[in-house]
Amino acid sequence: TWGVLLLMAGMGVGMSLRLAGARHVPWLRVNQKLCEILGYSREELMQLNVAEITLPEDQDEAVRLNGCILRGEMTGYSRERRYLRKDGSVAWCYVTISAVPDPNGKPSLVISVIQDITARKAAEALLEQTFEQAAVGIARVDLDRVVITANRKFCEMTGYSKEELVGIPLRRI
């Protein structure tokens, strides 16, 4: 397990190791990239725990998924999650959590691989803002040409609300 962290220490992803079920105790190990993502020195980050840096709105899901791992219902998961940086800003991350079993098959350690996707999320938000404020009507459709969503101008042009448009075949409009 320690070897995995050492092998990946130089990669472009943050990594951490903690005891299974121990969301409220400090990590056993963190790599430098995780420190960079969150803006803490290694010494500072080692004094914190995952619960202290997880956005409050994301805590319930994290606790639920952690419980599933502890009960053996799953061995890991991947999700987008938000963390609080030292400066108070939010880091959007794609997190992959994997449990490491003890000799009896019970989860003993948890390895987290954390990729910073903050720039991607900002680009998505800008794209969404541009879509919504466009001076022309735009509808997003699936491969069957059924409306997934539409911008404000498209709604004005068709007389439908966004909610009414979802699920309608484009040919019916």
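Owing to the predicted nature of the structure, the values given are computational and were not obtained by experimental measurement.

Procedures and definitions
Residues numbered from 1 in each chain as written. Predicted model: local features only at pLDDT ≥ 70, side-chain atom pairs only at ≥ 80, totals over all residues. Heavy atoms only, no water. Helix = DSSP H or I, 4+ residues; strand = E, 2+ residues; numbered from the N terminus. Expected span 1.5 Å × (residues − 1). Buried < 20%, exposed > 50% of the residue type's maximum accessible area, 1.4 Å probe, protein only. Contact = heavy atoms within 4.5 Å. Pairing = 2+ DSSP bridges. Axes fitted to C-alpha atoms, helices over the stretch in contact; angles between N-to-C directions. pLDDT = per-residue confidence, 0-100. Phe/Tyr/Trp six-rings, centres within 6.5 Å; stacked < 30°, edge-to-face > 60°. Lys NZ or Arg CZ within 6 Å of the ring centre and 35° of its normal.

### Some details on unusual backbone geometry
Step number 1: Despite not being glycine, R145 has its phi angle at roughly 65°, a positive value.
Step number 2: With respect to the element layout, R145 can be found in the loop between β6 (139-141) and β7 (147-150).

### Points about helix α5 (residues 56-70)
Step number 1: Between the first and last C-alpha of α5 there are 21 Å, a value that for 15 residues agrees with the 21 Å anticipated at 1.5 Å per step.
Step number 2: Three or more residues of α5 are buried, namely D58, Q59, A62, L65, N66, G67, C68 and I69.
Step number 3: Against β1 (14-19), α4 (50-53), β3 (76-84), β4 (90-101) and β5 (107-116) lie the buried residues of α5.
Step number 4: Just downstream of α5, G72 is the residue with a positive phi angle, here 80°.

### Re the sheet that holds β4
Step number 1: One open sheet holds the 5 strands; their spatial order is β2-β1-β5-β4-β3, and the pairing between them is antiparallel. At either end of the open sheet lies a strand with only one pairing partner, and these are β2 (29-30) and β3.
Step number 2: Sheet contacts for α5: β1, β3, β4 and β5; angle to β3, the most-contacted strand, approximately 150°.
Step number 3: Contacting β3, β4 and β5, helix α6 (residues 118-133) runs over the sheet at an angle of about 130° to β4.

### A short note on the pairing of β4
Step number 1: Both β3 and β4 contribute to a ladder of 9 bridges, which runs antiparallel. Residue pairing in the sheet places Y83 in a bridge with A91 of β4.
Step number 2: Here β3 hands over to β4 after 5 residues, with G88 in that stretch at a positive phi of 90°.
Step number 3: Judged from the 9 bridges that link them, β4 and β5 form a sheet pairing that is antiparallel.

### Some remarks on the confidence of the model for the protein chain
As a note on interpretation, predicted positions should not be read in detail where pLDDT is low.
Step number 1: Looking at the protein chain, pLDDT values average 89 and 92% of them are 70 or higher.
Step number 2: Mean pLDDT values for the elements of the protein chain range from 50 in helix α1 (residues 2-8) up to 96 in helix α2 (residues 32-38).

### Some details on the packing of aromatic side chains
Step number 1: Applying the stated criterion across every chain, the model contains 0 aromatic pairs.
Step number 2: We note K121 situated over the ring of W92; from NZ or CZ to the ring centre the distance is 4.3 Å.
Step number 3: A cation sits over an aromatic face here: R140 above F131, 3.9 Å from the ring centre.

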